[in-house]
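Chain by chain, the residues:
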Amino acid sequence: LCCFQLYGYCYQDSNDIPDTLTTITELGSPLEMIQLLQTSWEDRFRICLSLVRLLHYLAHSPLGSVTLLDFRPRQFVIVDGELKVTDLDDASVEESSCTSNSDCFMEFPARNFTLPCSVDGRCQSMNEKRNLYNAYRFFFTYLLPHSAPSSLRPLLDKIVNATGNHNKHVICTEYLALELSPSPSVNSEFTQKCVKSANTQYRRVPEAFIPDENYRCWPSYHHKGCLLSVFDVNEAIEICDSYSQCKAFVLTNQTTWTGRQLVFFKMASNHIVPDPDKITYVKVTD
């Protein structure tokens, strides 16, 4: 699940290059961080969740703890919304040997760490923590907090700070797998409707849709309109009230991968057409 799916391979000898190995793998999209920052928070959360699974696998692989020495975005691709590693040439299962703690020095551009030297002469959890800090500085610090739901921001700040601070002795994969897994406690926080009591009234129009009257918002699932995910009608009302141009919204029967409902937000309701799969809410003006 965390690495590229191998569909097949073959060996071929040629006059120029003997013992040539050709592999056939699944197709993935290159990881472009700027494009990811323009996607919805839910999609970025999904990518981070797949990265957590990868960290957990690398720390507990059948070969032992595996580190990716070249842990950078260019080594990953996106496959069906999931992050997968494509290049394992720089993977290593060797934990650094040591005679004292000073031998277990980890140097990064922004921070340095010194890990304990175990009695058997190995730096404790160096592979695991190297992966964790690289995941923090290349992925989590950008993808998790940016435009996150307000109800989850304290939890996300805790996760990001813990992954970037080895001095707190947070064992990365177990902690992140627990905090970011779609467990009932976390999922309830994710779907929690942090909505205020709205003073604005809306008229419900069942089986109706507004085909036009679009405006752009960010982040949106639709490049020509404002299509966002909500937990329920109350959250949709809060969002519409927060946009001065929003005069109506349409609940669709589509959901995101987390189960949140997709809603179109409109700047007018002059033209409403029948649609059995949608419900329109129109702002009532005095």
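Residues numbered from 1 in each chain as written. Predicted model: local features only at pLDDT ≥ 70, side-chain atom pairs only at ≥ 80, totals over all residues. Heavy atoms only, no water.

1. Notes on the sheet that holds strand E5 (residues 76–79)
Strand order in the open sheet formed by 3 strands is E3-E5-E6, and the pairing between neighbours is antiparallel. The two strands at the open ends of the sheet, each matched to only one other strand, are strand E3 (29–30) and strand E6 (82–85). Against the sheet, helix H2 (residues 41–59) makes contact with E5 and E6, and its axis sits at roughly 40° relative to E6, the strand it touches most. (Pairing = 2+ DSSP bridges. Helix = DSSP H or I, 4+ residues; strand = E, 2+ residues; numbered from the N terminus. Contact = heavy atoms within 4.5 Å. Axes fitted to C-alpha atoms, helices over the stretch in contact; angles between N-to-C directions.)

2. Some remarks on the pattern of salt bridges
Throughout the structure, instances matching the rule amount to 8 salt bridges. Close ionic contact of Asp70 with Arg72 constitutes a salt bridge, the shortest N to O distance being 2.6 Å. Using a relative accessible area of 16% as the deciding quantity, one classes Asp70 as buried. Given the relative accessible area of 34%, Arg72 is considered partly exposed. Asp275 is paired through a salt bridge with Lys278; the nearest N and O atoms lie 3.2 Å apart. There is no split in this pair, since Asp275 and Lys278 are both buried. Connected through salt bridges with shared partners, the residues Glu42, Glu235 and Arg260 form a single ionic network. (Salt bridge = Lys/Arg side-chain N within 4 Å of Asp/Glu carboxyl O. Buried < 20%, exposed > 50% of the residue type's maximum accessible area, 1.4 Å probe, protein only.)

3. A few points about the state of the cysteines
Each disulfide consists of one covalent bond between the sulfur atoms belonging to two cysteines. This structure, assessed with the given rule, holds 4 disulfides. Linked covalently through their sulfurs, Cys104 and Cys123 form a disulfide whose S-S length is 2.1 Å. Since a negative S-S torsion denotes a left-handed disulfide, the Cys104-Cys123 link at about -90° is left-handed. Of this pair, Cys104 sits in the loop between strand E7 (91–92) and strand E8 (105–107) while Cys123 sits in the loop between strand E9 (112–114) and helix H3 (126–143), placing them 19 residues apart in sequence. Assigned by exposure class, Cys104 and Cys123 land together as buried. In the chain, the cysteines engaged in disulfides, taken in order along the sequence, are linked 1-3, 2-4, 5-6, 7-8. (Disulfide = S-S within 2.5 Å.)

4. Quick word on helix H7 (residues 233–242)
Along H7, the positions that sit buried rather than exposed are Glu235, Ala236, Ile237, Ile239 and Cys240. Looking at the buried side of H7, the elements it contacts are strand E10 (202–209), strand E11 (226–230), strand E12 (248–255), strand E13 (261–266) and strand E14 (273–283). Structurally, the start of H7 carries an N-cap: the backbone nitrogen of Asn234 is 3.2 Å from a side-chain oxygen of Asp232. (Polar contact = N/O pair within 3.5 Å; in protein donor to acceptor, adjacent residues only side chain to side chain.)

5. Some thoughts on the packing of aromatic side chains
A full pass over the atoms with the stated rule returns 13 aromatic pairs. Aromatic side chains Phe71 and Phe76 sit 5.3 Å apart centroid to centroid with 50° between the ring planes, which places their arrangement in the tilted category. The class of Phe71 is buried, set by a relative accessible area of 2%. Here Phe76 falls in the buried class, since its relative accessible area comes to 2%. Here the aromatic rings of Tyr215 and Tyr243 are separated by 5.8 Å at their centres, their planes lie at 55°, and the arrangement is tilted. Residue Tyr215 is found in the loop between E10 and E11, and its partner Tyr243 is found in the loop between H7 and E12; the two are separated by 28 residues along the sequence. Overall, Tyr215 belongs to the buried group, its relative accessible area being 6%. Assessed through its relative accessible area of 22%, Tyr243 is described here as partly exposed. Taking the ring centre of Phe209 as reference, the NZ or CZ of Lys278 above it sits at 5.1 Å. (Phe/Tyr/Trp six-rings, centres within 6.5 Å; stacked < 30°, edge-to-face > 60°. Lys NZ or Arg CZ within 6 Å of the ring centre and 35° of its normal.)

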